[in-house]
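The lines below spell out each chain.
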Amino acid sequence: MMHDDVSSCLEFLTIIAGRKLKDSLVESLSSEGGRLITVMYGKGSVRSDYLRDMFGLVPEENKVMITCLLPCKKADAVMGMLVSKFHFDKPNTGIAFTVPINITF
Amino acid sequence: MTESSPKKALYIIVNVGFADEVAEIMRKEGSGGATILNARGSGPMPKSILGITIDTEKEIILSVVDEEMSEKIIHAVRQKAGLGTPCNSICFTMPVDKFVMTHVSAPPDGPTK
């Protein structure tokens, strides 16, 4: 049974970013209408020892993966917010994508 | 990589310790990068020793790639690290609707649809 206050069109948003952005991302998602926000920790597949040897620079290896449900009509606004506030269009910041959801209850 | 090519979220579940090996296979097929998460498997008949349930440690590799590349990666992973090998990889993809990422050129007016 579809719950009354759940939108019939939902997107499943996944964000992967450096761990230092966790708190601000969760706060922003919550204020933008994200629900069931889940935080998981992961690591990038980059071979940091290789980068350290070659350039002396290592992008943050430890990552956070944040998932949440978004109403379809808010997905564009959230993606825009990730670009404008967190600069996800710049390298070494993060990525975000949405997957359509069929059924919720 | 063109803007119009559909993207897929590629999930690969492997036994613990083999994520780097699979990430290397993905890299050779042209994947830009991946994120590795720790997980544990729960089979239909969990093993129990002295009342303690033994779960299998797993790693999940997640990457967003072109549809065409996802098929190449799945084929390569199945060949080199598929079921029956020590990796015991399981691959699946999900369709990506909207995305923001740096190595894909997004249109200037907002996120790619």
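Residues numbered from 1 in each chain as written. Chains lettered and ligands numbered in written order. Predicted model: local features only at pLDDT ≥ 70, side-chain atom pairs only at ≥ 80, totals over all residues. Heavy atoms only, no water.

(A) Geometry of the overall build of chain B. A count of helical and extended segments in chain B gives two helices and seven strands. When the helices and strands of chain B are read in sequence order from the N terminus, they spell out β-α-β-β-β-β-α-β-β. Classification of the 113 residues of chain B by burial places 42% in the buried group. Contacts spanning at least 24 positions in sequence make up 70% of the contacts within chain B whose residues lie at least 6 apart. Working note: accessible area of chain B is about 6,400 Å², and carbon and sulfur atoms make up 54% of it. (Helix = DSSP H or I, 4+ residues; strand = E, 2+ residues; numbered from the N terminus. Buried < 20%, exposed > 50% of the residue type's maximum accessible area, 1.4 Å probe, protein only. Contact = heavy atoms within 4.5 Å. Areas by Shrake-Rupley, 256 points an atom, 1.4 Å probe, with all protein chains shown as cover.)

(B) Fine view of the overall build of chain A. Secondary structure summary: chain A contains three helices and four strands in total. A buried classification covers 40% of the 105 residues belonging to chain A. By sequence separation, contacts in chain A at least 24 residues apart represent 75% of the contacts at least 6 residues apart. Total accessible area on chain A is roughly 6,200 Å²; 56% of this is exposed by carbon and sulfur atoms.

(C) Examining the sheet that holds strand 1 (residues 7-15) of chain B more closely. Spatially, 6(B)-1(B)-5(B)-2(B)-2(A)-3(A)-1(A)-4(A)-7(B) is the arrangement adopted by the nine strands of the open sheet, whose pairing is antiparallel. Edge positions in the sheet fall to strand 6 (90-95) and strand 7 (99-100) of chain B, since each has one partner strand and no second. Here strand 1 of chain B pairs with strand 5 (residues 56-66) of chain B via nine bridges, running antiparallel. Residue pairing across strands places K8(B) opposite V65(B), the latter belonging to strand 5 of chain B. (Pairing = 2+ DSSP bridges.)

(D) Inspection of the packing of helix 1 (residues 22-31) of chain A against helix 3 (residues 72-86) of chain A at higher detail. Residues and elements named next belong to chain A. Relative orientation of the contacting elements helix 1 and helix 3 amounts to 140 degrees, with a least axis distance of 11 Å. Crossing geometry of helix 1 relative to helix 3 is assigned as right-handed. On the side of helix 1, the interface is formed by S24, L25, S28 and L29, while helix 3 contributes V78, M81, L82, K85 and F86. The residue makeup of the contact of helix 1 with helix 3, split by class, is six nonpolar, two polar and one charged. (Axes fitted to C-alpha atoms, helices over the stretch in contact; angles between N-to-C directions. Left-handed = near helix turned anticlockwise from the far one by under 90°. Nonpolar A, V, L, I, M, F, W, Y, C, P; charged D, E, K, R; others polar.)

(E) Quick peek at the interface of chain B and chain A. Contacts between the two partners involve 23 residues from chain B, matched on the other side by 30 residues from chain A. Buried area between chain B and chain A, summed over both chains or domains, comes out near 2,100 Å², and the portion from carbon and sulfur atoms is 64%. Looking only at chain B, the three residues that lose the most surface to chain A are K98(B), V100(B) and T102(B), adding up to 29% of its buried area. Across the contact surface, chain B and chain A share one salt bridge. The salt bridge partner of E11(A) is K98(B), with a shortest N-O separation of 3.6 Å. At the level of secondary structure, the elements contributing two or more residues to the side of chain B that touches chain A comprise strand 1, helix 1 (19-28), strand 2 (35-41), strand 5, strand 6 and strand 7 of chain B. (Buried area = accessible area lost by both parts, 1.4 Å probe. Salt bridge = Lys/Arg side-chain N within 4 Å of Asp/Glu carboxyl O.)

(F) Molecular detail of helix 1 of chain A. All names here are of chain A. Along helix 1, the positions that sit buried rather than exposed are L25, S28 and L29. An end-on view of helix 1 places all buried positions within 100 degrees of arc, on one side of the element. In this structure, helix 1 carries D23, E27 and S31 as exposed residues pointing more than 90 degrees from its buried face. Buried residues along helix 1 sit against strand 1 (10-18), strand 2 (35-44), strand 3 (62-71) and helix 3. One or two steps after helix 1, the chain reaches G33, where phi turns positive at roughly 105 degrees. (Arc of directions from axis to C-beta.)

(G) The arrangement of a nonpolar patch on the surface in detail. Taken together, the side chains of I49(B), L50(B), I52(B) and I54(B) present a nonpolar region at the surface, about 460 Å² in accessible area. Examined against the element boundaries, L50(B) turns out to sit in the loop between strand 3 (47-49) and strand 4 (52-54). (Patch = residues over 30% accessible without salt bridge, like charges linked within 9 Å, V, L, I, M, F, W, Y side chains within 5 Å.)

(H) Unusual backbone geometry, seen in detail. At N92(A), a residue that is not glycine, the phi angle is positive and equals roughly 60 degrees. Structurally, N92(A) is set in the loop between helix 3 and strand 4 (94-100). The phi dihedral of N88(B) falls on the positive side, at around 55 degrees, and the residue is not glycine.

(I) Molecular detail of the nonpolar core. Ranked by size, the top nonpolar core spans 18 residues in total, and within it L10(B), I12(B), V22(B), M26(B), I61(B), I73(B) and V77(B) carry the most contacts. The set of elements that each furnish at least two residues to this core consists of strand 1, helix 1, strand 5 and helix 2 (67-81) of chain B. Here this core gets six residues from one element, more than from any other, and that element is helix 2 of chain B. If near-sequence neighbours (up to four positions away) are discounted, L10(B) is found in contact with M26(B), I61(B), L62(B), S63(B), V65(B), I73(B), I74(B), F92(B) and T93(B). Of all hydrophobic cores here, the second largest spans 17 residues; its members include L13(A), I15(A), V78(A) and F86(A). (Core = buried A, V, L, I, M, F, W, Y, C linked by side-chain atoms within 4.5 Å.)

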